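Observations on the three-dimensional arrangement
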Amino acid sequence: MSPEEKPAAAPRSLAEALRVRDDVSLAALLRSRPDLVTPVPTDLTQLATRAGTRASVVRALERLDRFALQTAEALAVAADPAPYGELLRLMAGDEADPAVTAALPRAVALLREQALLWGDDDRLRLVRTARELLAPSPQHPSPTGLGPTVREATAGMSPGRIQEILTTVGLSSTHDSVSAVSALGELFTDRKRMAALLAELPGESREVLDRLLWGPPYGQVTHDPAAHLRALLDRGLLLPTAPGTVVLPREVALHLRAGRAHRTPEPVPPPVEAAATHRPQVVDATAAGQALAALATVDELLKEWDEGGPAVLRAGGLSVRDLKRTAVALDVSEPVAAFWLELAYAAGLIASDGAAEERYAATPAYDEWRELPTAERWARLAAAWLSATRTPGVVGGRDAKDRTLSALGPNLDRSAAPEVRHRVLTLLAGLPEGASPAAESVLARLRWERPLRGPQRDQRAQAEQRAQADQRAQGEQRAQGEQRARGDDDLRSRLARWTLSEAELLGVTGRGALAAPGRALIGAPGPPRPAPDPEPEGPGAKLPVHHHTPPVSAPTGPTGPAGPAERAAAGATAARLLAPLLPEPLDHVLLQADLTAVAPGPLERELADLLGVLADVESKGGATVYRFTPGSVRRALDAGQTAADLHAFLARRSRTPVPQPLTYLIDDVARRHGQLRVGAASAYVRCDDDATLDEILADKRAAGLGLRRLAPTVLAAQADPAALLEGLRAIGFAPAAESAAGDVLIARADSRRTPPRTAPEPVPDGPPAPDDTLLTAAIRAVRAGDLASTTPRKSGPGGSAPGGELPRTGAAETLATMQAAVLTGEALWIGYVNAEGAASQRVIAPIRVEGGFVTAYDHTADEVRTYPLHRVTGVAELADDAG
């Protein structure tokens, strides 16, 4: 066999396994584990070292789906290295489950891609850190429920006791403990001989084994165990690990389990089931209505804060009392009010004003946002919601220091929120168009895709094991109760539930189904719509079940389309799809004789703004009802309107005649408006009609204002101007504020704004996923660094430095070697220190040496570069076989 025909040697380390990968495979690794590329490793050895660190391995394990994680757990209890056949037996069992057999290659390929597994199929090796994390131990039980091997469990036993066990099970005594343990292990892995050994046991002994079978594998015994326990101990089917503690050996458990490492392998993700189906047109129309309501709610919230919102708590955020007031003003529950507050904050529409006594107010971005078309305003809100890590659902809970989490306050960021939102919407997009999902099926799918890790998962695994034991002992009903009691206490499940409800509030979904604008928002293609069938609306209707399985790697990022440009394009597409679904804004209202106006739909912004100042909203819904009151008319006059302006506005904007009572109300308030003038002295009141001032002084309700007459037309007050204005208005007058020059002050609705503020940045879970440009540059740098570190060098004075250090040669030798390489065209290995003092090693092919510089093709950077010779620490020739 020629050298070219020799098969490649099996990799001896993870670094060697990475070295034989192509660039596409390396890019997939760095894309799935972005922490490995920050900062860019110098070579593949450093990349492999980083991939094996505990923090990186934990993060990678947390991102595996349930079956891939089960595969890794099985490898952790298999031999090291393990052939593929052994892994298959652990996963599929003696009966060779066909579903597991079909799915296992994908799981192994995924573990290889994630650099958690390396080696050929005949020598599969789990990364050492992953094995340490997943292997069973008394302190950290394995989710498989398996215990230690016979060799591990007998490590502290006396040789005499091991020989006694051999005699009891019918094996010949051996000359040492090592061979005795090997013989016992061979017995426990022999199916036929084990079946005969177990057949000798009494029924009570088998019951003990059944209780320990699926874990935990540890049990307690007294110093004088009963006969059925003694039978197990004498045969080594239970082995002591500590005084009073015994364990079921792994080999025995696997025999009783028919070779399976897991009680219930889950090779296929659970389907997302449809709970109801609706016509797509109904879904889109419902979502459009919700989108309009969402915009109206955010507008109403911001208008409530036009004169300055509530104060900022010292620790940050909104007080419980102010949240309740906001909920009452919006006529929603407090959790929903927290959602709208956080949505406006995430979109950059509200912020604290930064004053000495901080208060919340609208930002300048709010005025720009209001100028946008309706559909674009919604798309801006929806995009902010989709990518925000702030999570309003946790408002009212407790943080790690047992402090209440407040709306708009700190510690509300949950880095998993954008990914969960996008994944939930993607699952909805995979359903038939118009189908709303069963919430529990969505949660089950998410748990399969990202099972819990860490202590919480171990506790859940133990709870499952206890529930299964109860099921055998006390029946199906109690087991179901245990399952419900375990609940959805993990964060991802709660995020998914909040996503479903928030998407409906925002209009991303309609009647629980993903609408066309929501589908565009996540970059999902719209499925072709079949011919409409009769809609199964009733509770007994037969509903479809979705069995679609997404690919392992999706082309989009965790928070939507891959980059900012793609996300902007998705938002524009969503706005374009929403625009035809929205009703045209109305330019009129219907005035009624009971001092109300009815808006039968959304109003033009100019009309809505002025009408919102002139009247109070009495009820909302399909049609909004406004009520005119003396206070609301005075508010319009305070804003700079005159009676003539208001009459003309109503006559122009009403499709019905202006009622006479409304005309009288406006004229009456306007006649009295501004007769009294309040200014700052401490505060004063002046009026040309001294009889009006006499009336104020005679009113007992004005006693608290501390009024006294300074002149026939002037009263002085002890209260400040703002309190004096409110006090006089409360007793039925219509005073106007005036400036120091005597001019009437106009209170405009948009007078309170914060300085320019940016929207809060999402808090990512680790480094962001690298884009294609960064991946290409990183892979090229790693390849080049690996070439420089692994290329063979000639020995001798100019050979490689000991311990992998940079080569060290004198200036004359360096220059001579460079000039010789220019003539021969050979490549050299050099050490180089840049201007910042950072040392590196490079492989170069010198082209020209002159003026104290060498111009060479740098294999490390894959380009021609020029280096000062005085920064070259040394040079070494490459070996002849350095290909």
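One can find the structure itself at the top, above this paragraph.
Notes on the structure follow. Bear in mind that the values here come from a model prediction, so they are computed numbers and not experimental data.

A word on the overall build of the protein chain
- In terms of helices and strands, the protein chain carries 35 helices and 26 strands.
- Burial statistics for the protein chain: of 883 residues in total, 46% are counted as buried.
- When the accessible surface of the protein chain is split by element, carbon and sulfur atoms take 54% of a total near 42,400 Å².

Some remarks on the pattern of salt bridges
- Applying the stated rule across the entire model yields 45 salt bridges.
- The salt bridge partner of Arg653 is Glu606, with a shortest N-O separation of 4.0 Å. Here Arg653 is found in helix H30 (residues 643–653), whereas its partner Glu606 is found in helix H28 (residues 605–614), with 47 residues between them in sequence.
- For Arg653, a relative accessible area of 12% puts it in the buried group.

Some details on helix H22 (residues 439–449)
- Along H22, eight of the 11 residues are buried, which leaves the element largely enclosed by surrounding structure.
- For H22, every residue scored as buried is listed here: Ser441, Val442, Leu443, Arg445, Leu446, Arg447, Trp448 and Glu449.

Observations regarding the packing of helix H20 (residues 374–387) against helix H27 (residues 564–578)
- For the pair H20 and H27, interaxial distance at closest approach is 8 Å and the crossing angle is 135°. Taken as axis vectors, H20 and H27 run oblique relative to one another. Classified by chirality, the crossing of H27 by H20 is right-handed. Every residue of H27 that contacts H20 at Ala375, Glu376, Trp378 and Ala379 is listed here: Gly571, Ala574, Ala575 and Leu578.
- Its residues assigned to classes, the contact of H20 with H27 comprises six nonpolar, one polar and one charged.

Regarding the packing of aromatic side chains
- Taken as a whole and judged by the stated rule, the model has four aromatic pairs.
- The residue whose ring lies beneath Arg377 is Trp369, and the NZ or CZ to ring-centre distance is 4.4 Å.

Details of the sheet that holds strand E13 (residues 590–592)
- Across the sheet, which stays open at both edges, the four strands sit in the order E13-E14-E16-E15 with antiparallel pairing between neighbours. Each edge of the open sheet is held by one strand with a lone partner, namely E13 and strand E15 (616–619). For this sheet, the mean angle separating the axes of adjacent strands, direction not counted, is 30°.

Remarks on H27
- Across its 15 residues, H27 extends 21 Å between first and last C-alpha, which sits within 8% of the 21 Å expected from 1.5 Å per residue.
- By the burial criterion, the buried members of H27 are Ala570, Gly571, Ala574, Ala575 and Leu578. Each buried residue of H27 lies within a common arc of 135° when the element is viewed along its axis, so the set occupies one face. Seen from the buried face of H27, the exposed residues on the opposite side, beyond 90 degrees, are Ala565, Ala568 and Arg576.
- In this structure, the buried residues of H27 make contact with helix H16 (280–304), H20 and helix H26 (516–521).

Considerations on the packing of helix H5 (residues 66–76) against helix H7 (residues 98–113)
- Two elements in contact, H5 and H7, have axes whose closest approach is 9 Å; the angle formed by their N-to-C orientations is 80°. Between H5 and H7, the interaxial angle falls into the category roughly perpendicular. Here H5 contributes Phe67, Ala68, Thr71, Ala72 and Leu75 to the contact with H7, which in turn contributes Val100, Ala103, Leu104, Arg106, Ala107, Val108, Leu110 and Leu111.
- A per-class count over the contact of H5 with H7 returns 11 nonpolar, one polar and one charged.

A closer look at the environment of Arg50
- Topologically, Arg50 is positioned in helix H3 (residues 44–51).
- With 15 residues separating them along the chain, Arg50 and Asp35 place their C-alpha atoms 8.9 Å apart.
- Not counting chain neighbours up to four residues away, the residues in contact with Arg50 comprise Asp35, Leu36, Val37, Thr38, Pro39, Val40, Pro41 and Ser56.

Observations concerning the sheet that holds strand E5 (residues 245–247)
- Spatially, E3-E5-E4 is the arrangement adopted by the three strands of the open sheet, whose pairing is antiparallel. Only two strands of the sheet have a single neighbouring strand rather than two, namely strand E3 (218–220) and strand E4 (239–242). Between one strand axis and the next, the sheet turns by 40° as a mean value, whatever way the strands run.

Section: the environment of Thr817
- Topologically, Thr817 is positioned in helix H35 (residues 811–824).
- Residue Thr817 is classed as buried on the basis of its relative accessible area, which comes to 16%.
- With 60 residues separating them along the chain, Thr817 and Glu877 place their C-alpha atoms 8.2 Å apart.
- If sequence neighbours within four positions are ignored, Thr817 has contacts with Leu828, Val875 and Glu877.

Some thoughts on the nonpolar core
- Formed by 93 residues in total, the largest nonpolar core has its most connected members in Phe188, Leu237 and Leu238.
- Residues contacting Leu238, with those up to four places away along its chain left out, are Val208, Leu209, Leu212, Leu229, Leu232, Leu233, Val246, Val247, Leu248 and Pro249.
- Core analysis: the second largest hydrophobic core is formed by 73 residues, Leu343, Ala503, Leu506 and Val508 among them.

Observations concerning the pairing of strand E16 (residues 624–627)
- Of the strand pairs in this sheet, strand E14 (residues 596–599) and E16 are connected by four bridges, and their pairing is antiparallel. Looking at the pairing, Ala597 lines up with Tyr626 of E16.
- Note that E15 and E16 share three bridges and pair antiparallel. Of the residues in E16, the one forming a bridge with Ser619 is Val625.
- What sits between E15 and E16 in their antiparallel hairpin is a turn of four residues, with Gly621 showing a positive phi close to 155°.

Considerations on unusual backbone geometry
- In the segment running from Thr38 into Pro39, the intervening peptide bond is cis, with an omega of -10°.
- Within the secondary structure, Pro39 sits in the loop between helix H2 (23–32) and H3.
- Unusually for a residue other than glycine, Ala96 sits at a positive phi of about 55°.
- Mapping Ala96 onto the fold places it in the loop between helix H6 (84–92) and H7.
- You will see that Ala258, though not glycine, has its phi angle at about 60°, which is positive.
- If you trace the backbone, Ala258 turns up in the loop between helix H15 (250–256) and strand E6 (272–277).

Re the environment of Arg445
- Position of Arg445 among the secondary structure elements: in helix H22.
- Residue Arg445 is classed as buried on the basis of its relative accessible area, which comes to 2%.
- Between the C-alpha atoms of Arg445 and Arg66, which are 379 residues apart in sequence, the distance is 10.0 Å.

About the criteria used
Residues numbered from 1 in each chain as written. Predicted model: local features only at pLDDT ≥ 70, side-chain atom pairs only at ≥ 80, totals over all residues. Heavy atoms only, no water. Helix = DSSP H or I, 4+ residues; strand = E, 2+ residues; numbered from the N terminus. Buried < 20%, exposed > 50% of the residue type's maximum accessible area, 1.4 Å probe, protein only. Areas by Shrake-Rupley, 256 points an atom, 1.4 Å probe, with all protein chains shown as cover. Salt bridge = Lys/Arg side-chain N within 4 Å of Asp/Glu carboxyl O. Axes fitted to C-alpha atoms, helices over the stretch in contact; angles between N-to-C directions. Parallel < 35°, antiparallel > 145°, perpendicular 65-115°, else oblique. Left-handed = near helix turned anticlockwise from the far one by under 90°. Contact = heavy atoms within 4.5 Å. Nonpolar A, V, L, I, M, F, W, Y, C, P; charged D, E, K, R; others polar. Phe/Tyr/Trp six-rings, centres within 6.5 Å; stacked < 30°, edge-to-face > 60°. Lys NZ or Arg CZ within 6 Å of the ring centre and 35° of its normal. Pairing = 2+ DSSP bridges. Expected span 1.5 Å × (residues − 1). Arc of directions from axis to C-beta. Core = buried A, V, L, I, M, F, W, Y, C linked by side-chain atoms within 4.5 Å.

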